[in-house]
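# Coordinate analysis (summary)
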Amino acid sequence: MNMVDIITKKRDGEELTPEEIRFFIENYVKDRIPDYQASALLMAIYFRGLSRAETFALTEAMEFSGDVEDLSDLPGVKVDKHSTGGVGDKTTLVVAPVAAAAGVTVAKMSGRGLGFTGGTADKLEAIPGFRTRLEPAEFHRQLEELGLAVITQTGSITPADKKIYALRDVTGTVESPGLIASSIMSKKLAAGSDGIVLDVKCGSGALLKDLAEAENMADLMIDIGRKAGRKMVAVISDMSQPLGRTVGNALEVEEAVQVLKGGGPEDLRQLCLELAGEMIWIGGRAESFEEGKETARQVLSDGRALEKFRQMVRRQGGDDRIIEEPERMGSSRYSRDVLAGRTGFIAETDTREIGRASQHLGAGRLRKEDEIDFTAGIRMHVRIGDFVKEGDVLATLYGADSRRLEEAETILEAAIRISAEPAAPPKLIQKKIQR
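Read on for a plain summary of the structure. (Residues numbered from 1 in each chain as written. Predicted model: local features only at pLDDT ≥ 70, side-chain atom pairs only at ≥ 80, totals over all residues. Heavy atoms only, no water.)

Here we come to the overall build of the protein chain. Secondary structure summary: the protein chain contains 16 helices and 13 strands in total. Here the protein chain has a C-alpha radius of gyration of 21 Å; the compact-globule value for 435 residues is 22 Å, and the two agree. Counting only C-alpha atoms, the protein chain reaches 65 × 50 × 40 Å along its principal axes. Taking all 435 residues of the protein chain together, the buried fraction comes to 59%. Of the contacts formed within the protein chain by residues at least 6 apart in sequence, a portion of 78% connects residues at least 24 apart. Counting every atom, the protein chain has about 16600 Å² of accessible surface; 47% of that belongs to carbon and sulfur. Each charge sign in the protein chain was given a centre, from 59 positive and 70 negative side chains, and these centres are 1 Å apart. (Helix = DSSP H or I, 4+ residues; strand = E, 2+ residues; numbered from the N terminus. Rg over C-alpha atoms; globule rule 2.2 N^0.38 Å. Buried < 20%, exposed > 50% of the residue type's maximum accessible area, 1.4 Å probe, protein only. Contact = heavy atoms within 4.5 Å. Areas by Shrake-Rupley, 256 points an atom, 1.4 Å probe, with all protein chains shown as cover. Lys, Arg positive; Asp, Glu negative; His and termini not counted. Charge placed at Lys NZ, Arg CZ, Asp CG, Glu CD.)

Let's shift gears to the pattern of salt bridges. Per the counting criterion, the structure on display carries 37 salt bridges. Note that Arg 328 is salt-bridged to Asp 319, the shortest N-O span being 4.0 Å. In this structure Arg 328 comes out as partly exposed when scored by relative accessible area, which is 33%. Classification of Asp 319 as buried rests on a relative accessible area of 14%. The salt bridge involving Glu 348 is made with Arg 417; its shortest N-O contact spans 3.1 Å. Placement of Glu 348 in strand β8 (residues 344-349) and of Arg 417 in strand β12 (residues 416-419) is noted, with a sequence separation of 69 residues between them. (Salt bridge = Lys/Arg side-chain N within 4 Å of Asp/Glu carboxyl O.)

Moving on, we come to the packing of helix α12 (residues 266-282) against helix α13 (residues 289-301). Running from amino to carboxyl end, α12 crosses α13 at an angle of 120°, the nearest separation of the two axes being 7 Å. In terms of their interaxial angle, α12 and α13 are classed as oblique. Crossing handedness for the pair α12 and α13: right-handed. Where α12 approaches α13, its residues Arg 269, Leu 273, Glu 274, Ala 276, Gly 277, Glu 278, Ile 280 and Trp 281 are matched on the opposing element by Phe 289, Gly 292, Lys 293, Thr 295, Ala 296, Arg 297 and Leu 300. The residue inventory of the contact of α12 with α13, partitioned by class, reads seven nonpolar, three polar and five charged. (Axes fitted to C-alpha atoms, helices over the stretch in contact; angles between N-to-C directions. Parallel < 35°, antiparallel > 145°, perpendicular 65-115°, else oblique. Left-handed = near helix turned anticlockwise from the far one by under 90°. Nonpolar A, V, L, I, M, F, W, Y, C, P; charged D, E, K, R; others polar.)

Ordered in space as β3-β2-β1-β4-β5-β13, the six strands form an open sheet in which the pairing is mixed. The sheet is open, and its two edges are formed by β3 (148-151) and β13 (429-434), each paired on a single side. Strand-to-strand, the axes of this sheet are offset by a mean angle of 15°, without reference to chain direction. Where strand β2 (residues 105-109) and β3 come together, four bridges link them in parallel fashion. Bridged to Val 106 within β3 is Leu 148. (Pairing = 2+ DSSP bridges.)

Hydrogen bonds between backbone atoms are what pair the strands of a sheet, whose relative direction is either parallel or antiparallel. Strand order in the open sheet formed by four strands is β6-β9-β11-β7, with antiparallel pairing between adjacent strands. Taken across any chain shown, the strands that pair with only one partner, and hence form the sheet edges, are β6 (246-247) and β7 (334-339). Pairing of β6 with strand β9 (residues 377-380), which is carried by two bridges, proceeds in the antiparallel orientation. Following the sheet pairing, Thr 246 is matched in β9 by Arg 379.

Attention now goes to the side chain of Ser 65. Its place among the elements puts Ser 65 in the loop between α4 (52-63) and β1 (78-83). Looking at Ser 65, its side chain comes within polar contact range of the main-chain nitrogen of Ala 160, at 3.3 Å. Contact partners of Ser 65, with chain neighbours within four places excluded, come to Ile 25, Val 29, Thr 158, Pro 159 and Ala 160. (Polar contact = N/O pair within 3.5 Å; in protein donor to acceptor, adjacent residues only side chain to side chain.)

What follows concerns the environment of Asn 216. Within the element layout of this structure, Asn 216 appears in helix α10 (residues 211-227). Sequence separation of Asn 216 and Pro 177 is 39 residues, and the distance between their C-alpha atoms is 8.7 Å.

Running from amino to carboxyl end, helix α3 (residues 35-48) crosses helix α8 (residues 159-169) at an angle of 75°, the nearest separation of the two axes being 11 Å. Comparing their axes, α8 and α3 come out roughly perpendicular. Residues Asp 35, Ala 38, Ser 39 and Leu 42 of α3 form the contact with α8, whose own contacting residues are Ile 164, Leu 167 and Arg 168. Of the residues in the contact of α3 with α8, the class split is four nonpolar, one polar and two charged.

Inspection of the secondary structure assignment puts Val 197 in strand β4 (residues 195-202). For the pair Val 197 and Leu 74, spaced 123 residues apart in the sequence, the C-alpha separation amounts to 19 Å. Contacts of Val 197, omitting those with residues within four sequence positions, involve Val 79, Asp 80, Lys 81, His 82, Val 233, Leu 275, Glu 278, Met 279 and Ile 282.

What follows deals with the pairing of strand β11 (residues 393-399). Of all seven residues in β11, six are buried, a share of seventy percent or more. With six bridges connecting them, β7 and β11 associate as antiparallel partners. Directly across from Val 338, in β11, lies its bridge partner Ala 395. As paired strands, β9 and β11 are joined by four bridges and run antiparallel to one another. Following the sheet pairing, Arg 379 is matched in β11 by Thr 396.

Counting residues in each nonpolar core, the largest one holds 79 residues, and the members touching the most others are Val 98, Ile 127, Ile 378 and Leu 412. Here this core gets nine residues from one element, more than from any other, and that element is α12. With near-sequence residues (within four places) excluded, Leu 412 lies in contact with Val 338, Ile 354, Ala 357, Ile 378, Ala 395 and Leu 397. Val 174, Ala 218, Ile 222 and Ala 234 belong to the second-largest nonpolar core, a separate cluster that totals 23 residues. (Core = buried A, V, L, I, M, F, W, Y, C linked by side-chain atoms within 4.5 Å.)

And the structure:
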């Protein structure tokens, strides 16, 4: 068995065996397979796809490529949450402390920004001192004492996914259903939770462009989870415009804190309550989703969720003063307003391009070794359906390079379509799948 034969087989559209998939994963983790061969296989998978059997085998191989957390000695149902990726998606920063404040043990393993989408780990690291890397023993102890931890993969947990995740980001192979599902679910299963709530995005700012694709992805991940004995729920949510008003790491942390304080944009608050309600329900702290959602609303309004967030930030080395003083996360050297070129209604946003503009400003990575500018990003001032006059501010850009701001402005102007005809705002919650 060798990599050239495996690459060629997948290139020609044949199905790989579990043994061939394990061979690739085991040897890539041990650096016996170079990035150029791994990239070739990923591109073959991108074009030829993965069958369900291949996806199950890849998920399992990545799950067991390193240590697997055992949380069975912790009381109650342990619940994780994951999003398939979007623009302005900072829900974890809210729903994890909300669910934990309601008594659910939330063991959350998060990723970094991938392509035009943001990553929870990058957002949390915008908080000075915040450590997203915890060794397994520390992760376990924090869950036992606080009931909440949000971390990145350590070198010992799903190391195969960690390497492949970074490689996909810079080889144009992000948007592959099998690779997305196996990446997400290998981390979720290795993290040791009993239940998983999935936020599957669809729309122009998602990896999945329409509802049919999102349903297929949700079904696939639920099947993987159920096969592994996990409780599973999927919420399919709209990503045809940025979630909330901000895109960019420090900006999104500030906005998430606003929601934890009882304010923030209505769409972000609505989705957070939906996801947290599901987590509370499958975590055994409510008799129904409706009761779970009401509990989520209560812990937001009485300050328990904000306090749980503060405790997590402090416990993981972060400066919790950012809750009252967000400027401690820094500010960008330059800002620039993007103005409406005509009067009319916001009819459409190419949210992927908005994410790309944010990435271009420094809020995301163009190469896997790139450093992120935590203060860079975009503040949106309009939503689909809003009426604007010529010269009104559509968005404000932030960054450290004035030339990049000009280029991002051009991207953003093209991404927002203004029409003479009124436009209806999109439905936020598209569908739910519970099994």
